[in-house]
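Single-letter residue listing:
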Amino acid sequence: VPTATVCSSTFVALGEAESRNLGLPDLPLTVVPHPIGNLADDRARDLGQSAVPGVVESLTTGAPRSGQVIRGARLDMHQPVRLAADFSGPVDVLEATEIFSGRGWGDGLPIVPPTRERVDRVLDVLGRDPNEELGPVPPRWGVATVELVVVNAIMAGCPSQLVRVVLAAVEAVLKPAYNLYSIQATTGSVGPSIIVSGPLADELGISGGAGCLGPGHRANLAVGRALRMVLANIGGATPGALDRATLGQPGKIALCFSENQADNPWPPLHVELGYEPEQSVVIIDSIMGTTDIMDHTSNVAEDLLHMLSGCVGGSAFNHTQTGGHSVLVLCPEHAGLLAQAGLSRADVARELSKRASIEVGAFTGRALENVVRVRRARHFGPGVTRIPVFDGPEFIRIVVAGGAGPHSTFLPSFGEVTVPQVVPIR
Amino acid sequence: LRDKSVTYNGHPMGQGSVRLVEPDGSVRPPKHELAPRVSSLVGLRLGVLDNGKANADVVLEAIVGELQARFRISEVVRHRKTNPGLSATEVMFKDLEACGAVVVGTGD
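Residues numbered from 1 in each chain as written. Chains lettered and ligands numbered in written order. Predicted model: local features only at pLDDT ≥ 70, side-chain atom pairs only at ≥ 80, totals over all residues. Heavy atoms only, no water.

Draft legend 1. Quick look at helix α1 (residues 12–21) of chain A. Residues and elements named next belong to chain A. Here α1 lies mainly inside the structure; 9 of its 10 residues are buried. Val-12, Ala-13, Leu-14, Gly-15, Glu-16, Ala-17, Glu-18, Ser-19 and Asn-21 are the residues of α1 that are buried. On its buried face, α1 is in contact with β1 (3–8), β2 (29–32), β3 (69–70) and α8 (180–185). Note on α1: the residue one or two positions beyond its end, Gly-23, has a positive phi of about 95°. (Buried < 20%, exposed > 50% of the residue type's maximum accessible area, 1.4 Å probe, protein only. Helix = DSSP H or I, 4+ residues; strand = E, 2+ residues; numbered from the N terminus. Contact = heavy atoms within 4.5 Å.)

And the structure:
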């Protein structure tokens, strides 16, 4: 069926890359000026009418060129296809960083040069087929292989033993239900978070202790950065090009941590998810950022639940408008207070799901009509004045991490378009 | 594998240079044929797929109104995704495949 695609101007690079890499390089795009969503009705109608010549041209043969239609993807964000992916060059860190960033590779920080020798050494330790394919990575749709993941992990500073974790994380984000395309190409600030649960976390030095979401933890940063490197280099998610994030967030540079096993009052996360204690897994959520929750006054569980449930929603958060799975990282002191009151992890999620709600009046009419009533329809009915922040306890992942102090952290969800993934580490 | 030495910033790398492995991998686009364009829109059944973003409905309706006025469109089949971040459903695709031409939107 002949199709006319109306594309807002800020998405043209993405539209061109998609039409080329998904096999329709001649797909006509009718370009209209961005933004559209915030226009008054009459201006939106004018904009629609201005697109008509382009739409007609896109659908018919022999129509005059309107100037607003792009036929044939011209953009080339990356070098042409190279199956033999080696070249010779300098080994100095800054020179290698320079040459790689000149080709659009990397994350803006200095890289460890992925020399043939380093790559081969890691492949030897892993003992996996270098050509094993993990799948195409959107939105560029480059095909990730074990060897390519190794190359990217080396660039991010991973020693060989951490690459197993990175491979599991890549496998997880490529599961269809994770919907990586949406995460990579959205204007939202979303990025994947990696939680490592199981004995490997301690063995590999992945920290769940003091400051584990911040700087200073080499394994956390190397693994988080390696996943980003894969998403940027193989997936082509270059900010301002195919990654359309308005702002992004620091967690997109690297976000990997473990539970604080020593101070966790509950069974380990992976055991609660049904895995054997000796198994280690990666748990991948998609989160919009990190928000500190300070509560150093609550001394009973009831008060803490009251405080927590009051700060996890808001009218313009993705998860409040559309649902989805969020992560609540409880510091050991907060988790301890709740556990002392006899609450399990599941009890805490249930209590928060019950208590956290938002007034329908907090949303504007347009937000309700366009988004909230559509995406969270199940909560609306006659006489409803408040809706729950979460769609149910299963949409709140409770994790225990951090050091001493009364600060927990909320990692709000990107929304219901993405389903978290758990993958065993091989 | 390419294994020749290169010059970078005027520094001859020569025989002592090392080989770096490129990190981005290949893209293997599937081969699809663009559907043949129609000679005219007159009398066509027109499909509309709204991506669910704010104002997409207003923009698309303006386009549809104009096309109806100019080309005597026989019928308009409208679908709106409830969620811009997810693909259209099989039912939507099936309905739209039965149209002579389709207008869709991307971006926001």
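From this point, the discussion proceeds with the structure in view.
Draft legend 2. Region of the structure containing the interface of chain B and chain A. Every contact between the two is made by 62 residues of chain B and, on the other side, 81 residues of chain A. Contact between chain B and chain A buries roughly 6200 Å² in total, counting both sides, with carbon and sulfur atoms accounting for 60%. For the interface between chain B and chain A, the tally reads 3 salt bridges. With a shortest N-O distance of 3.2 Å, Glu-22 of chain B and Arg-103 of chain A are connected by a salt bridge. Taken together, the connections running from chain B to chain A amount to 28 residue pairs in polar contact (both at pLDDT 80 or more). Counting residues per element, the ones that place at least two in the side of chain B that touches chain A are β3 (18–21), α1 (56–71), α2 (90–97) and β6 (101–106) of chain B. No other element matches α1 of chain B, which puts 8 residues into the side of chain B that touches chain A. For the side of chain B that touches chain A, the class distribution of residues is 31 nonpolar, 16 polar and 15 charged. Pairing between β1 of chain A and β6 of chain B: 5 bridges, direction parallel. Bridge pairing in β6 of chain B links Ala-4 of chain A to Val-103 of chain B. (Buried area = accessible area lost by both parts, 1.4 Å probe. Salt bridge = Lys/Arg side-chain N within 4 Å of Asp/Glu carboxyl O. Polar contact = N/O pair within 3.5 Å; in protein donor to acceptor, adjacent residues only side chain to side chain. Nonpolar A, V, L, I, M, F, W, Y, C, P; charged D, E, K, R; others polar. Pairing = 2+ DSSP bridges.)

Draft legend 3. Structural view of the packing of aromatic side chains. Residue and element names in this part refer to chain A. Evaluation of the coordinates by the stated rule reveals 3 aromatic pairs over all chains. Aromatic pair Phe-100 and Trp-105: ring centres 5.0 Å apart, planes at 70°, arrangement edge-to-face. Taken individually, Phe-100 and Trp-105 each receive the classification buried, so the pair is uniform in this respect. For the pair Trp-141 and Tyr-181, a centre-to-centre distance of 6.0 Å together with 10° between the ring planes defines the contact as stacked. Taken together, the residues span a long stretch of sequence, with Trp-141 in the loop between β5 (133–137) and β6 (142–145) and Tyr-181 in helix α8 at a distance of 40 residues. Assessed through its relative accessible area of 21%, Trp-141 is described here as partly exposed. Owing to a relative accessible area of 30%, Tyr-181 belongs among the partly exposed residues under this scheme. (Phe/Tyr/Trp six-rings, centres within 6.5 Å; stacked < 30°, edge-to-face > 60°.)

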